[in-house]
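Observations on the three-dimensional arrangement
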Amino acid sequence: MSEFQTYLKKANWEPKLYDRLNQLIDDMQLSGSKEPSNQAYMVFDFDETCIMGDIEDHLSLYLVDHLAFRMTLKEFYEVIQPDFLDVNQKLGPAKIPLGILTESLRNDYSYLYDLYIKDKKKIKQLSFEKDPIFLSFRAKLIYYYQTIHSIFKIQETNFCPTYWFQGYDEESFSYLVKEIWNTYEGLRPQRRYYQAIIIVDGSKVQLESYLQVGLRYNEEVIQLMRVANQHGILSYVVSASPYALIRNSVSQNPLELPLQQIFGVPHVLTKEGKLTAAISKDWPIPISVGKVSLINEVLLAKHGGRGPIAVFGDSMGDYPMLMAFPDTQVSVLINRVLDNRTKDIITLSESKDSNLANRYFIQGRDENAGGWRPSISSVLFGKQTSQKTV
């Protein structure tokens, strides 16, 4: 018999983690005033943690697949080729010079803008999906999306050249996010591959790219947040994806968190209330160590100087906050079997030191089925067997 009450359904929780979370709720539930300063709280990453999939990937794919841009040709080029990016920098495995790629994208966008994008009525009347310029544009832009982040850091530039939602107002963007979820939620995980030819120094170079498609909220996280809230424990989402995207994805059913409990990368609005690719300074940029800074500067101030009792994440972007806080009693790594320092957390979870083994936990998942599995090991996409580490 356990010495604590059970609050959660077993579902696909890893068994040791399941017991530890029930114990944590039992120990930390609040019986008195529900003022934030008195409440314990948990912090969750969003992509691949609260959900299976990456919501920013799906935003980018939707914008391209539907030519749903709201930028003029000049605005589009200024976003993908800002002054701080070196046009001679070579991108990705095809080693395409950035300037050649962005100039090719500008030429394609000029054609697509005049024929389809500029007139929203026309885009519904004309079929662009088989237009060879559209197909080439899509493949090149997704290649750009996958490779451009290797040559800059948002934290240093305060600008993101993949924020292609520039030009949307908050109402229309909210509708766009709903359409993204309607389009991709529940799809069985799949990879969509794209190819295009680009001319570099007079020679044809083939570039290839792909995106993983399929979104699903993790039922275990939904239930945990709801049960914790019923017992006076708050949940926060701290994500490295754009704030407007995270806000609309987390405040809606099924998570339904209040806006003050949702943080993403903050972006600048124009005087007319339209979104831009520029990053604001409303709060620390929650990328990697920036998540720790945000928790320190914003959440600790709300909670009497106390850190989160539990932290959930899946990648090196979450590693700092999984390790940072002495008040954290449970640190959970969603196991994507990555070959980086997240493997340290697997080692800690298996420590003979009970203090470490009782804090660090691993949650497995099945990337083919699109959900968690009751194990520390995961089944990677396209694989048949599970594995704990690389």
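Attention here is on the structure that accompanies the text. What you see is a predicted model, and the numbers here were worked out from it, not measured in a lab. (Residues numbered from 1 in each chain as written. Predicted model: local features only at pLDDT ≥ 70, side-chain atom pairs only at ≥ 80, totals over all residues. Heavy atoms only, no water.)

Turning next to the environment of Glu208. Its place among the elements puts Glu208 in strand β6 (residues 203–213). Sequence-wise, Glu208 and Tyr143 are 65 residues apart; in three dimensions their C-alpha atoms are separated by 6.9 Å. Excluding its chain neighbours within four sequence positions, the residues that come into contact with Glu208 are Tyr143, Tyr194 and Gln195. Engagement of the side chain of Glu208 in a polar contact is seen with the side chain of Gln195, the distance being 3.0 Å. A polar contact of 2.8 Å, which involves the side chain of Glu208, links it to the side chain of Gln206. (Helix = DSSP H or I, 4+ residues; strand = E, 2+ residues; numbered from the N terminus. Contact = heavy atoms within 4.5 Å. Polar contact = N/O pair within 3.5 Å; in protein donor to acceptor, adjacent residues only side chain to side chain.)

What follows deals with the packing of aromatic side chains. Per the counting criterion, the structure on display carries 24 aromatic pairs. Relative to Tyr236, the ring of Tyr41 lies with its centre 5.5 Å away and its plane at 85 degrees, an arrangement referred to as edge-to-face. Residue Tyr41 is found in strand β1 (residues 41–44), and its partner Tyr236 is found in strand β8 (residues 234–242); the two are separated by 195 residues along the sequence. On the basis of relative accessible area, Tyr236 is assigned to the buried category, the value being 2%. Ring centres of Trp181 and Tyr217 lie 4.3 Å apart, and the angle between their planes is 10 degrees; on these two criteria the pair is classed as stacked. With Trp181 in helix α8 (residues 170–184) and Tyr217 in strand β7 (residues 216–217), this residue pair connects regions lying 36 residues apart in the sequence. Residue Trp181 is classed as buried on the basis of its relative accessible area, which comes to 3%. When its relative accessible area of 4% is taken as the criterion, Tyr217 is described as buried. Taken together, the ring pairs in this structure connect Phe69, Phe76, Tyr109, Tyr113 and Phe137 into an aromatic cluster. (Phe/Tyr/Trp six-rings, centres within 6.5 Å; stacked < 30°, edge-to-face > 60°. Buried < 20%, exposed > 50% of the residue type's maximum accessible area, 1.4 Å probe, protein only.)

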